[in-house]
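Examining the three-dimensional arrangement
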Amino acid sequence: MSGGSQSGPFGPMGVMENEPSLNAKRAGGDAARAGRRERRSFGAWWAWVIFILGALYFILPLVGVFFHSIRTRPDIFLAYRQVFADPAFLRGLGYSFTAGVITVVVSLLIIVPTAYWVRLRVPRLRPVVEFVTLMPFVIPPVVLAFGLIRIYSQGPVRLAASDTGLNVMLIGAYVVLSFPYMYRAVDTGLAAIDVRTLTEAAQSLGSGWGRILARVIFPNLRTSLLSGAFLTLAIVIGEYTIAQVLARNMAFAPYLSLLGRNQPYQPAAVSLISFGLTWLAMILIAFLGRGSRARVQVAGAR
Amino acid sequence: MAFLELEGVRKEFAGTVAVENFDLAAEKGEFVSFLGPSGCGKTTTLRMIAGFELPTAGSIRIDGAEVTNRPPNRRNVGMVFQSYALFPNMTVADNIGFGMKVRGRSRDQIKQKVGELLELIHLPGRGDRFPWQLSGGQQQRVALARALAIEPQVLLLDEPLSALDAKIRVALRHQIRAIQRQLGITTVYVTHDQEEALSLSDRVVVMSEGRIEQIGAPADIYNFPTTRFVASFVGTLNLLNAKVVDSSGGRIALAGQEIRAGGAIEAGNGSEVTVAIRPEGIELGSGGGANQLTGTVEDVSFLGSIVRTRLNLDGNGTTLSLDTFNDPSLQAAAIDSTVTVSFPPEACLVLAASATPPPPTDAVAAAEAML
Amino acid sequence: MADAVAVREQEAHIAPPARSRLNWSWLGLVPFFLFCTAFLFLPVAFLVFGSLNDAEGALTLKNYADLTTGIIPGAFGNSIEISIVTAVAGGLFGFLLAASVTVGRLPRVLRTALLTFSGVASNFAGIPLALAFIFTLGTLGFLTTFLQSLGLTGFRGVNLTSKLGVEVVYMYFQFPLMVLIIAPALEGLRREWREAAENMGASAFQYWRYVGLPILTPTILGTMILLFGNAFGAQATAFQLTGGTLPLVTLVISSQIRGDVLHNPGLGYAMAMGMVVIMGISIFLYTLLQRRAERWLRS
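Within each chain, residue numbers correspond to sequence positions counted from 1 in written order. To label them, take the chains in the order written and letter them from A, then take the ligands in the order written and number them from 1. Reporting in this predicted model follows two pLDDT cut-offs: at least 70 for local features of residues, and 80 or more for side-chain atom pairs to be given and counted; totals over whole chains, interfaces and linings ignore these cut-offs and use all residues.

Secondary structure elements follow DSSP: runs of H or I no shorter than four residues count as helices, runs of E no shorter than two count as strands, and numbering proceeds from the N terminus. A tally of regular secondary structure across chain A gives 13 helices and zero strands. Beginning at the N terminus, the succession of helices and strands in chain A can be written as α-α-α-α-α-α-α-α-α-α-α-α-α. In chain A, which comprises 302 residues, the proportion classed as buried is 45%. Buried, partly exposed and exposed are defined by the number of other C-beta atoms within 10 Å of a residue's own C-beta, namely 20 or more, between the two limits, and 12 or fewer respectively, with C-beta atoms placed from the backbone.

Quick look at helix H6 (residues 141-152) of chain A now. Residue and element names in this part refer to chain A. One less than the residue count of a helix, multiplied by 1.5 Å, gives the span that helix is expected to have. Taking 1.5 Å per residue, 12 residues should reach 16 Å; H6 reaches 17 Å between its end C-alpha atoms and fits that length. By the criterion of burial, H6 is predominantly enclosed, with 10 of the 12 residues buried. Every buried residue of H6 is accounted for by Pro141, Val142, Val143, Leu144, Ala145, Phe146, Gly147, Leu148, Ile149 and Tyr152.

So, on to the packing of helix H9 (residues 191-199) of chain C against helix H10 (residues 204-233) of chain C. All names here are of chain C. Between N-to-C directions, angles cover 0 to 180 degrees, with each direction set by a line fitted to C-alpha atoms, over the stretch in contact for helices. Running from N to C, H9 and H10 point in directions that differ by 120°, and their axes come no closer than 10 Å. Classified by the angle between their axes, H9 and H10 sit oblique to one another. In terms of crossing hand, the pair formed by H9 and H10 is right-handed. Residue-level contacts link Trp193, Arg194, Ala197 and Glu198 of H9 to Gln206, Tyr207 and Val211 of H10. Reported orientations rely on four angle classes, namely roughly parallel under 35 degrees, roughly antiparallel over 145, roughly perpendicular from 65 to 115, and oblique for the rest. Crossing handedness: left-handed means the near helix sits turned counterclockwise from the far one by under a right angle, and right-handed means the same turn made clockwise. Remark: residues whose backbone-derived C-beta atoms lie within 7 Å of one another are considered to be in contact.

Taken together, the 67 residues of chain C in the interface contact 67 residues of chain A. With 12 residues, the single largest contributor to the side of chain C that touches chain A is helix H2 (residues 30-51) of chain C. Classifying every residue of the side of chain C that touches chain A by side-chain character gives 46 nonpolar, 19 polar and two charged. Each residue gets one of three labels, nonpolar for Ala, Val, Leu, Ile, Met, Phe, Trp, Tyr, Cys and Pro, charged for Asp, Glu, Lys and Arg, and polar for the others, Gly among them.

The subject of this paragraph is the environment of Ser271 of chain A. Mapping Ser271 of chain A onto the fold places it in helix H13 (residues 266-289). On the basis of neighbour count, Ser271 of chain A is assigned to the buried category, with 29 C-beta atoms found within 10 Å.

All names here are of chain C. Here helix H6 (residues 127-137) crosses helix H7 (residues 142-149) at 15°, and the two axes come no closer than 3 Å. Relative to H7, H6 is oriented roughly parallel. Along its contact with H6, which presents Phe135, Thr136 and Leu137, the element H7 presents Phe142, Leu143 and Thr144. Partitioning the contact of H6 with H7 into residue classes produces four nonpolar, two polar and no charged.

Residue and element names in this part refer to chain B. With mixed pairing, six strands are arranged side by side in an open sheet as E6-E7-E8-E3-E9-E10. Of all the strands in the sheet, the pair left with one neighbour each is strand E6 (77-80) and strand E10 (211-216). With direction set aside, neighbouring strand axes in the sheet form an average angle of 20°. We call two strands paired when DSSP finds no fewer than two bridges between them. Two strands pair when backbone bridges link them, and strand E7 (residues 154-158) and strand E8 (residues 186-191) are joined in this way by five bridges, in the parallel orientation.

This paragraph deals with the nonpolar core. Each nonpolar core consists of buried Ala, Val, Leu, Ile, Met, Phe, Trp, Tyr and Cys residues. Their C-beta atoms, within 7 Å, join them into a set. Core analysis: the largest hydrophobic core is formed by 278 residues, its most contacted members being Ala145, Ala173 and Val186 of chain A together with Leu156 and Val275 of chain B. No other element matches helix H7 (residues 163-192) of chain A, which puts 15 residues into this core. Every residue in contact with Ala173 of chain A, bar those within four places of it in the chain, is listed here: Leu144, Ala145, Leu148 and Ile242 of chain A together with Phe39 of chain C.

This next bit is on the pairing of strand E19 (residues 338-343) of chain B. Note on strand geometry: in a regular strand, side chains alternate between the two faces of the sheet. Residue and element names in this part refer to chain B. As paired strands, strand E15 (residues 283-284) and E19 are joined by two bridges and run antiparallel to one another. Residue pairing across strands places Leu284 opposite Val341, the latter belonging to E19. Examined bridge by bridge, strand E16 (residues 291-302) and E19 share six bridges and lie antiparallel to one another. Pairing of Gln292 across the sheet is with Ser342, part of E19.

Bringing the interface of chain B and chain C into the picture now. For interface size, the figure often reported is the accessible area lost on association. Facing the 19 residues of chain B at the interface are 20 residues of chain C. Among the elements of the structure, E6 and helix H2 (92-102) of chain B are those that each provide at least two residues to the side of chain B that touches chain C. A per-element tally of the side of chain B that touches chain C places H2 of chain B first, with three residues.

It is worth spelling out the sheet that holds strand E12 (residues 251-254) of chain B at this point. Strands belonging to one sheet form pairs held by backbone hydrogen bonds; the direction of such a pair is parallel or antiparallel. Residue and element names in this part refer to chain B. In spatial order, the strands read E13-E12-E11-E14-E20; together these five strands make up an open sheet with antiparallel pairing. The sheet is open, and its two borders are formed by strand E13 (257-260) and strand E20 (348-351), each paired with just one other strand. Here the average twist between neighbouring strands, direction ignored, is 45°. Pairing analysis gives four bridges linking E12 to E13, with the strands arranged antiparallel. Among the inter-strand pairings, Ala253 is bridged to a residue of E13, identified as Glu258.

Here the bond from Arg73 of chain A into Pro74 of chain A is cis, since omega is 0°, no more than 30 degrees from zero. Residue placement: Pro74 of chain A occurs in the loop between helix H2 (45-69) and helix H3 (78-85). Unusually for a residue other than glycine, Asn21 of chain B sits at a positive phi of about 50°. Residue placement: Asn21 of chain B occurs in strand E2 (residues 16-26). Phi angles above zero are rare outside glycine, and Asp336 of chain B is one such case at about 75°. Mapping Asp336 of chain B onto the fold places it in the loop between strand E18 (319-325) and E19. Note on Asp336 of chain B: 9 C-beta atoms within 10 Å, which makes it exposed.

Attention shifts here to the confidence of the model for chain A. One number per residue, pLDDT, summarises how confident the predictor is, and it ranges from 0 to 100. The predicted model of chain A averages 78 in pLDDT, with 82% of residues at 70 or higher. The low-confidence segment residues 1-40 of chain A, where pLDDT is below 50, has 69 contacts with residues more than four positions distant or belonging to other chains.

In this section: the confidence of the model for chain C. Residue and element names in this part refer to chain C. Looking at chain C as a whole, the pLDDT averages 85, with 90% of positions reaching at least 70. By mean pLDDT, the top-scoring element of chain C is helix H4 (residues 72-101) (95), and the lowest-scoring one is helix H1 (residues 2-27) (48). In the predicted structure, residues 1-20 sits below a pLDDT of 50 and forms zero contacts with residues beyond four places in sequence or in another chain. For this predicted complex, the interface confidence reaches an ipTM of 0.82, while the overall pTM sits at 0.78.

Here's what the structure looks like:
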């Protein structure tokens, strides 16, 4: 009769393991970390040296810009006053911000259904779509922009002939630029939620496709969508080359570039404001991403 | 003198006690398991032997040498991790040879030893594979060989099988034991799986909430648990509330019926006690021993080689489960029928009257709910 | 033979429904590919054809042959040199910086600060970045005048139109990118690896020499390649810094196509193709190394 309790690993163990183990495990984990053999010191000396060097390199240019922006005498805030009084500044910021928002909306409208569809229905096309979304990484923006000009200044669709057409091309190019990180943001977001199960659950409750996307998928992707959106916004506001080629000189970066050539102190003020805007966008991303283990996205240099 | 000695070992993490009053003396070549639920301090104790944690108090000696505060890389202790922890950038051979390499052994020496160890773990000729090319079970065998390569004085295994499939788990467990016997190496094995601990070990240390509950041979732990925790944690068990009728005569009242325990009871007459009876110690019918109980059959569950029958003894919540071997020629008891079961007085363990009454459902019922 | 035929017949029975399902699924991707055609494929196709045409529209390989003439080899040389220098230097410094807040056990708050700042800095490129350095290290920059006031009267600032100047500025977005990628990788080194090494008698140095650094090597190399591409593709920053006086691939392409002075679009497209090839190779190598790193970390 001794074989009775050999009923296996599912014996009374299961009961013991359930409730108390969760807390115990957590406590044990934290404790183990805190009690490691390492001396909980103030950090290694070399770490401080490296960190301080890095911090100096990070901060000095900002200090330089700041001091330059307040060099005006006697009124040290003159540059800022002039900038805010300059209609070109507000117009540039407004134009680029609007372009950024439109880019985000169009990009989302294209990428979300596409990434969703690829994941759900045509996974074997995933490498193709991934490759296409990575293409903007290797195509120089100037080539993209100039190709657009040449194509749409002849033939049936002459976008380059009108101001509106040029704006459309600008947005189109920016949307393409946003593909690499938008697609990745959405795709990792979709990976985190179980798209198939959510979709099937929604379908079983009688939802149509549009409804599923709007009511189920979009809300569940909110965090990754918003961080992708803010990154796109930051990039569009700072973008110079494409705007310049498409003669969008009212945009923020061309405005700043011109200012940098013609004015002594205002460019410093605008640069600092621009840095603040980038900072704001990143803080918003970090704030939205808190708690989730979303990977930091980087747009890269321009 | 014992080979591996832990004396009054205590570990606190930021004010909370993880392990206390831990005493253990393991002989050379002995296989000792630490058994307990997660968070009971078994892994912490193992990590103190390895040197990854420093005890707050107490001392650890290996072969008479004090190692309590010696850093891990200056102890000669082999460790196998639950997650294998193979170095992903090295081949199997380089993984196994790593300990010898950092000890400055010659290339030939390493090569020869690695070859021997690959034979030992039944992976000959796989030395040039990378860990990601191996299955979980193979990786864990490599991890074992890697720990043995430094010819450690003590081998430590931290839940080495819990990441593996059930079948591989059983096969690998026998391999580990065979290799351990062959090398005669003193081994400490941490697990939360009672079956693993009981089947592998010379001695089992049952732990709960940082303390040792009981140390003993597997059979003793199973048959003669000294605390209620051990009784409920190891194996399947009926735990029943009872009242002592006659302590010197060992007579107890249980659900309105009277039974006898194996000997005198420490608790006084009229006090509340918990009675523990293994389901496999009870027989259907009256042939199983002097104690007899009558009840209504509530449930019969078929568990493969055994059949578990649950009786209701008093029409209320007091239930008793018993196991019988599955015998195709016999008919199982009919539900709602009244049956008599019997067991010898020795099968009936009276546990120290605990302040807390047993849970409403006994351990067996709860375990069945899990099934 | 007979078996093979039978199998083929079976396949024929199974295939049609599968194929028709694929056809339907394709439709879901039509908007995406339409958009890409209008704003990505057509310009790229234009680039490819343009690089094969001369000014009169005749098919030619002359543009590619001309890549070896004039300032073009120098521009590729400059771009590659700057990219390699900033990738290696930025990569090494970024690694050390990431190590300082992880392995170096600096207070947790510094780690958070560094990562947040790196997120900002790696996205803070272009015109404002160039201006910030001009106002700091230029002839009249804040740091230049500050050092002069300390008695370093010989210090004239860093010539920001030189290769060194561009490299100094590029570092500002290069090493933060390294930090962002390598810090999680450093934290991803499993504690058990270190413990297993210690357990077998390895010193801290031996652990890093044989285990820690080799495991990180694919990630470090891959990220450096990414940094290379990052610097190679940068344009606005260099333009604002140098005003186009330093021949860099992106700047020369831009002036060839837009034709301020040079104007030879076909040649510009051929250069752009060369750039696409270089960027493509670096992305490819990066993906390769990334895959190896992932495979290691999963096992």
